[in-house]
Amino acid sequence: MALLKVTFDQKKRVKLAQGLWLMNWVSVLAGIIIFSLGLFLKIELRKRSDMMDNSESHFVPNSLIGMGVLSCVFNSLAGKICYDSLDPAKYAKWKPWLKPYLAICVFFNIVLLLVALCCFLMRGSLESTLAYGLKNGMKYYRDTDTPGRCFMKKTIDMLQIEFKCCGNNGFRDWFEIQWISNRYLDFSSKEVKDRIKSNVDGRYLVDGVPFSCCNPSSPRPCIQYQLTNNSAHYSYDHQTEELNLWVRGCRAALLSYYSSLMNSMGVITLLVWLFEVSITIGLRYLHTALDSVPNPEEPECESEGWLLEKSVPETWKAFLESLKKLGKGNQVEAEGADAGQGAEAG
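Quantities reported herein were computed from a predicted structural model and do not represent experimental measurements.

Q: Lay out the packing of helix α6 (residues 152–163) against helix α8 (residues 250–291) in plain terms, naming residues and giving numbers.
A: The angle between the axes and the distance between the axes are what describe a pair of packed helices. The interhelical angle for the contact between α6 and α8, taken along N-to-C directions, is 65°, at an axis separation of 10 Å. Of the possible angle classes, the one that applies to α6 and α8 is roughly perpendicular. The handedness of the crossing between α6 and α8 comes out as left-handed. Of the residues in α8, those touching α6 at L159, Q160 and F163 are C250, A253, L254 and Y257. Considered class by class, the residues forming the contact of α6 with α8 number six nonpolar, one polar and no charged.

Put into structure tokens, the structure is as follows:
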């Protein structure tokens, strides 16, 4: 028994074809939007690729770009099919290809749903790649004279200013690395020598942060050196006073920014997916309604359209049986080839 059977007359079939034609062209615009969102996200990730450890974060934008292109192609073709379905002579050339095309549309909708879910689930991998990438980037902050790393100082400074953040997890991360280049250290100074000798790795560590960590909204002039030395500043207690630095770490700031972007894109992709599913269902009804017309020479007669020719369990059973037949056919062909090779060898 057919699933969700609907009776169509000629007027209903024409309205269905016209409505689907319009919906397909709206979906082409939706595909352009998905493509644009993927391209925008890819550009935003590439801007800060030096702060990321690997290229896994580009899976989502690449998928959005690909699905946007495929959506434009498939829906343009579906619009042409719906337009030609109004003419029996033109529809005849599309008829043998409609079943494979609908199968491809179903597969496309499944992939589109998975891409939408990936937009929501990417936060974990993005957090790990940002944590490791920012940590390495901060180590190269001082290498302003090293080819290939000379831009890192500017990149991190612009990042901290734009996102109002400091360090990886917080401003204290700068205490653990030497972010001042040896070029700007006076090695004849006793203070510099003592600091380097006091460190096992021979690094010049200070309880200070780069200027880009300063919060311009603070009423007090920025204190960026000797942050833990209360006697170095007038009326200052680093444990009780609210610092005039950005408190939030750059990992949390970037993660919040990219997560909000991908959540918005995930919602938009889900809406497009629902629209695509409705178009696929409509195409299925149009296909079955046109195929079940008793006499093509009398287009005014009624016909029946359905979503599935059989019930869901029967359809699933038939699908599994077709897969088994396909597997057995491949096995027989392989055995025949092996037998032929054995006969030739004999």
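Q: Outline the pattern of salt bridges, supporting the account with residue identities and numerical values.
A: By the definition in use, this model includes seven salt bridges. A salt bridge links R48 to E44; its shortest N-O distance comes to 3.4 Å. Considered together, R48 and E44 belong to a single accessibility category, that of buried residues. Taking the shortest distance from any N to any O, the salt bridge between D157 and K153 comes out at 3.0 Å. A residue pair is termed a helical-turn pair when its members lie 3 or 4 positions apart in one helix, as D157 and K153 do in helix α6 at four residues. For K153, a relative accessible area of 30% puts it in the partly exposed group.

Q: Residues and numbers for the state of the cysteines, please.
A: Counted under the stated rule, the structure contains three disulfides. Note on cysteine connectivity: C165 is disulfide-linked to C250, with sulfurs 2.1 Å apart. Residues C165 and C250 are joined through a disulfide that is right-handed, its torsion about the S-S bond being 85°. Taken together, the positions of C165 in the loop between α6 and α7 (190–197) and C250 in helix α8 put the pair 85 residues apart, joining distant regions of the chain. The class of C165 is buried, set by a relative accessible area of 0%. Judged by relative accessible area, which is 1%, C250 ranks as buried. The residue that forms a disulfide with C214 is C222, at a sulfur-sulfur distance of 1.8 Å. With the S-S bond torsion at -75°, the cross-link from C214 to C222 turns out left-handed. The class of C222 is partly exposed, set by a relative accessible area of 35%. Counting only the cysteines that form disulfides, in the order they appear in the protein, gives the pairing 1-6, 2-3, 4-5. Free of any disulfide, C118 has its nearest cysteine sulfur in C119, 7.2 Å distant. Given the relative accessible area of 25%, C118 is considered partly exposed.

Q: Before we move on, could you go through the UniProt feature "transmembrane region" (unreviewed entry) in the protein and cite the residues and values that matter?
A: Those residues carrying the UniProt feature "transmembrane region" (unreviewed entry) are residues 20–41, 101–122 and 255–275 in this numbering. Measuring from the first to the last C-alpha atom of residues 20–41 gives 31 Å, for a span that is 100% helix and 0% strand. As annotated, residues 101–122 has a helix share of 95% and a strand share of 0%, and its two end C-alpha atoms lie 31 Å apart.

Q: With reference to specific residues and values, describe a nonpolar patch on the surface.
A: A cluster of nonpolar residues, V106, I110, L114, L117, F120, L121, V267, L271 and L274, forms a patch on the protein surface that exposes about 840 Å² of accessible area. Listed by contribution, the elements that provide at least two residues to the nonpolar patch are α4 (98–121) and α8. Residue contributions to the nonpolar patch peak at six residues, all from α4. Turning to its location among the elements, L271 is positioned in helix α8. For L271, a relative accessible area of 54% translates into the label exposed.

Q: Describe the environment of S128, listing the residues and the values that go with them.
A: When you line up the elements, S128 lands in helix α5 (residues 123–139). Between the C-alpha atoms of S128 and L255, which are 127 residues apart in sequence, the distance is 9.9 Å.

Q: Give a detailed account of the side chain of N109, specifying residues and quantitative values.
A: Within the secondary structure, N109 is located in helix α4. With a relative accessible area of 6%, N109 lands in the buried category. Among the polar contacts listed, one links the side chain of N109 to the side chain of T280, at a separation of 2.9 Å. Ignoring any residue separated from it by four or fewer positions in sequence, one finds N109 in contact with W273, E276, V277 and T280.

Q: Break down the environment of I110 for me, with residues and values.
A: Summarising the element assignment, I110 is placed in helix α4. Along the chain, I110 and W273 lie 163 residues apart, while their C-alpha atoms are 8.8 Å from each other.

Q: Please set out the nonpolar core residue by residue, giving values where relevant.
A: L41, F171, W174, V209, L227, Y258 and L283 are the most contacted members of the largest nonpolar core, which has 71 residues in total. Contributing elements (two or more residues each) for this core: α1 (10–47), α2 (59–84), α3 (88–94), α4, α5, α6, α7 and α8. Per-element accounting of this core gives the leading share, 13 residues, to α8.

Q: An account of α4 is requested, with residue identities and associated values reported.
A: The first and last C-alpha atoms of α4 sit 35 Å apart over 24 residues, in line with the 34 Å expected at 1.5 Å per residue. Among the residues of α4, L98, Y101, L102, C105, F108, N109, L112, V115, A116 and C119 are the ones counted as buried. Contact partners of the buried residues in α4: α1, α2, α3 and α8.

Rules behind the numbers
Residues numbered from 1 in each chain as written. Predicted model: local features only at pLDDT ≥ 70, side-chain atom pairs only at ≥ 80, totals over all residues. Heavy atoms only, no water. Axes fitted to C-alpha atoms, helices over the stretch in contact; angles between N-to-C directions. Helix = DSSP H or I, 4+ residues; strand = E, 2+ residues; numbered from the N terminus. Parallel < 35°, antiparallel > 145°, perpendicular 65-115°, else oblique. Left-handed = near helix turned anticlockwise from the far one by under 90°. Contact = heavy atoms within 4.5 Å. Nonpolar A, V, L, I, M, F, W, Y, C, P; charged D, E, K, R; others polar. Salt bridge = Lys/Arg side-chain N within 4 Å of Asp/Glu carboxyl O. Buried < 20%, exposed > 50% of the residue type's maximum accessible area, 1.4 Å probe, protein only. Disulfide = S-S within 2.5 Å. UniProt positions renumbered as here; feature names shortened; annotations may be inferred. Patch = residues over 30% accessible without salt bridge, like charges linked within 9 Å, V, L, I, M, F, W, Y side chains within 5 Å. Areas by Shrake-Rupley, 256 points an atom, 1.4 Å probe, with all protein chains shown as cover. Polar contact = N/O pair within 3.5 Å; in protein donor to acceptor, adjacent residues only side chain to side chain. Core = buried A, V, L, I, M, F, W, Y, C linked by side-chain atoms within 4.5 Å. Expected span 1.5 Å × (residues − 1).

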